[in-house]
Number of protein chains: 2
Amino acid sequence: MAATLIGRLLSQGETVISLDNFSRGSLGNVEPWLTHPNFTLRRAELSDLADYRLTIEEVAKPEAVTEIWHLAANSDIPAGVRDPDVDLRDTFMTTFNTLKIMDEYGIKRILFASSSAIYGNLQDTLLTEETGPLLPISNYGAMKLASEAALTAAAERFLEQALIFRFPNVVGTPATHGVIFDFIGRLRQTPEYLQVLGDGAQQKAYLHVTDLVDAMLLIREKCRTKVGVYNIGPTDEGITVRRIAEEVASVVAPDAELRFESGNKGWIGDVPRFRYSTAKLQQLGWRPKLNSVGAIKRAVSEIAHQLSAVR
Amino acid sequence: MAATLIGRLLSQGETVISLDNFSRGSLGNVEPWLTHPNFTLRRAELSDLADYRLTIEEVAKPEAVTEIWHLAANSDIPAGVRDPDVDLRDTFMTTFNTLKIMDEYGIKRILFASSSAIYGNLQDTLLTEETGPLLPISNYGAMKLASEAALTAAAERFLEQALIFRFPNVVGTPATHGVIFDFIGRLRQTPEYLQVLGDGAQQKAYLHVTDLVDAMLLIREKCRTKVGVYNIGPTDEGITVRRIAEEVASVVAPDAELRFESGNKGWIGDVPRFRYSTAKLQQLGWRPKLNSVGAIKRAVSEIAHQLSAVR
């Protein structure tokens, strides 16, 4: 997602400094931009305040930075379920340190990639930005909610604006993880079958990364409140894991047998199904170009090419 | 509050091990219980996992501990606004480490002192346990919300029960901080006048500590859900700061002039007024014995005696 956003910002004439620990992403993701005069890329460990500070001072006049897009987080939710330190460090402390840096250098606007995981499992409740109680069921969701809370407290104290984007599941390239990435990987190992966690009935809304970036830029342009919280997602009710598995198989290994389990959860911390309201975002005039099925189809094709897995 | 709870638990025949860093409380608070055969008190820094683990292994068979009442937190909200590390360490990391210890030793129930501060400033919204959005305006509130989120994620993974008590403002003895404590302290320094932050119109609900402990024990007895979130508070709409100042002055320095400021906030991070629903708690059969005014009057008298400040 960061690579897509960077491309869009640069194409709009903005200057971008990207700090990344490259734990998941690779240099290849931003390769097209490495020679761009308005782009700087540095390795930094944002969970380490001293390293964060040193790096930002090396690459910029920090006081001249107008905003921080805080996208850094653990992206391996099961890893965070096994070891809470992962999300403490990569999902929360990166936020905590970002706010410290912003306070220190007088950077006044933050744009934050939060997550629908903060809602936990509210079954069939239509999730709006006002929905409670917020009882996340993964450490990832917990540390995203903790981050939101730290942002709103900072907004009260010194920020001019805190924009909180509650992401749905996002698909697109360059992919480093996620359901399509995993399925392709498994099918390359065993093209005869695809083992799916859960019964395949889990339904989730997916947004293509290009629609996600459109939405964030629109919110940045239009939102005038000090704290702005927006669900971002497609306007449909999603696509099942079974359908995703079928799409991936059809592109990568059409003869593969799809194998499912009983039970409606993929893994601890996974939310089997949810209904996500994006009415607030739509009031800004936004509509996704692709629905969940369209986003998955496009992403399957893109990721298969990325991984050179097309048959 | 801890001292009152400890007394109640011991009087019911339960065994209590208390870990405290004594940053605010003093030995005097639990002095009546120090010789009780079922009571153990140890100094421990719960934000330091190694110290936490060492201490709990010294004083107990940790595997035999049936539940943890997690009450440790920073209690100086303005200090946490000035320095976010305070609430990170004392309000959040104490929670994070408690959950680690519980996972490690198989302790299955946690009872957690959360706070109405997690709601932020929602103006005249009636705050129920389902209210959102949760946008706390202090680091204290943010780290209490972060703690709740860590608890619910842990409940999904290994806890049998997580009870979350959202405290109102609590008054009673032994007091170590709070509005009454502060007012008495100021009047002892300058008996001629009492300077109040804000215009005195801020209205808050106060609960006497004895009612709070009653409520928590009732929830522990009655709640059967895995995650139980309860607002605890009086059933009235509260008392103004002006009225509290008058009560304190009448007991401590009846001739003092009360001085107010303009503006409706005491300090950054303070929520000027809120409406708190305790309907869910009342459905368990609970009623407070004292309303906000009654709680303040009793606490003013108790704290004045505690501080030997009665005229």
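So, here is what we can say about the structure in this document. (Residues numbered from 1 in each chain as written. Chains lettered and ligands numbered in written order. Predicted model: local features only at pLDDT ≥ 70, side-chain atom pairs only at ≥ 80, totals over all residues.)

**Details of the interface of chain A and chain B**
When the parts of a complex come together, some accessible area is lost, and that lost area is often used as the size of the interface.
Part 1: Each side of the interface is counted separately: chain A has 31 residues, and chain B has 31 residues.
Part 2: Mapped onto the side of chain A that touches chain B, the elements with two or more residues apiece are helix H4 (84-105), helix H5 (139-157) and strand E11 (227-231) of chain A.
Part 3: It is H5 of chain A that provides the largest number of residues to the side of chain A that touches chain B, a total of 11 residues.
Part 4: Considering only residue class, the side of chain A that touches chain B consists of 18 nonpolar, eight polar and five charged. (Contact = placed C-beta atoms within 7 Å. Helix = DSSP H or I, 4+ residues; strand = E, 2+ residues; numbered from the N terminus. Nonpolar A, V, L, I, M, F, W, Y, C, P; charged D, E, K, R; others polar.)

**Focus: the relation of the copies chain A and chain B**
Part 1: Placing chain A over chain B gives an RMSD of 0.0 Å and needs a rotation angle of 180°, together with 0.0 Å of translation along the axis. On this basis, the relationship between the two copies can be described by a two-fold rotation axis.
Part 2: Most of the interface of chain A is mirrored in chain B, where 100% of its interface residues again form contacts. (Least-squares fit on C-alpha atoms with pLDDT ≥ 70 in both.)

**Quick look at the packing of helix H8 (residues 241-252) of chain A against helix H10 (residues 292-306) of chain A**
All names here are of chain A.
Part 1: Put simply, H8 and H10 touch, their axes get as near as 10 Å, and they point 40° apart. Considering their axes alone, H8 and H10 lie oblique with respect to each other. Where H8 crosses over H10, the handedness of that crossing is right-handed. Where H8 abuts H10, its residues Ile244, Glu247, Val248, Val251 and Val252 lie against Ile296, Lys297, Val300, Ser301 and Ala304. (Axes fitted to C-alpha atoms, helices over the stretch in contact; angles between N-to-C directions. Parallel < 35°, antiparallel > 145°, perpendicular 65-115°, else oblique. Left-handed = near helix turned anticlockwise from the far one by under 90°.)

**Observations concerning the nonpolar core**
Part 1: Of all hydrophobic cores here, the largest spans 187 residues; its most connected members are Ile180 and Val248 of chain A together with Ile180 and Val248 of chain B.
Part 2: Excluding its chain neighbours within four sequence positions, the residues that come into contact with valine 248 of chain A are Ile180, Phe183, Ile184, Leu187 and Val300 of chain A. (Core = buried A, V, L, I, M, F, W, Y, C linked by C-beta atoms within 7 Å. Buried ≥ 20, exposed ≤ 12 C-beta atoms within 10 Å, placed from the backbone.)

**Topic: the sheet that holds strand E4 (residues 109-115) of chain B**
All names here are of chain B.
Part 1: With parallel pairing, four strands are arranged side by side in an open sheet as E3-E4-E6-E11. Edge strands, defined here as strands with exactly one partner in the open sheet, are strand E3 (67-70) and strand E11 (227-231). Along the sheet, successive strands turn relative to each other by an average axial angle of 15°, direction set aside.
Part 2: As paired strands, E3 and E4 are joined by four bridges and run parallel to one another. For glutamate 67, the partnering residue across the bridge sits in E4 and is arginine 109.
Part 3: Each of E4, strand E6 (161-167) and E11 is contacted by helix H7 (residues 209-222), which is oriented at about 155° to E6, the strand it contacts most. (Pairing = 2+ DSSP bridges.)

**Structural notes on the packing of helix H1 (residues 2-11) of chain A against helix H7 (residues 209-222) of chain A**
All names here are of chain A.
Part 1: At a minimum axis distance of 10 Å, the contact between H1 and H7 shows a crossing angle of 50°. Here H1 lies oblique to H7, going by the angle between them. Judged by the twist between their axes, the crossing of H1 over H7 is right-handed. Of H7, the residues touching H1 (which contributes Thr4, Leu5 and Arg8) are Val209, Thr210, Val213 and Leu217.
Part 2: Grouping the amino acids of the contact of H1 with H7 by side-chain chemistry returns four nonpolar, two polar and one charged.

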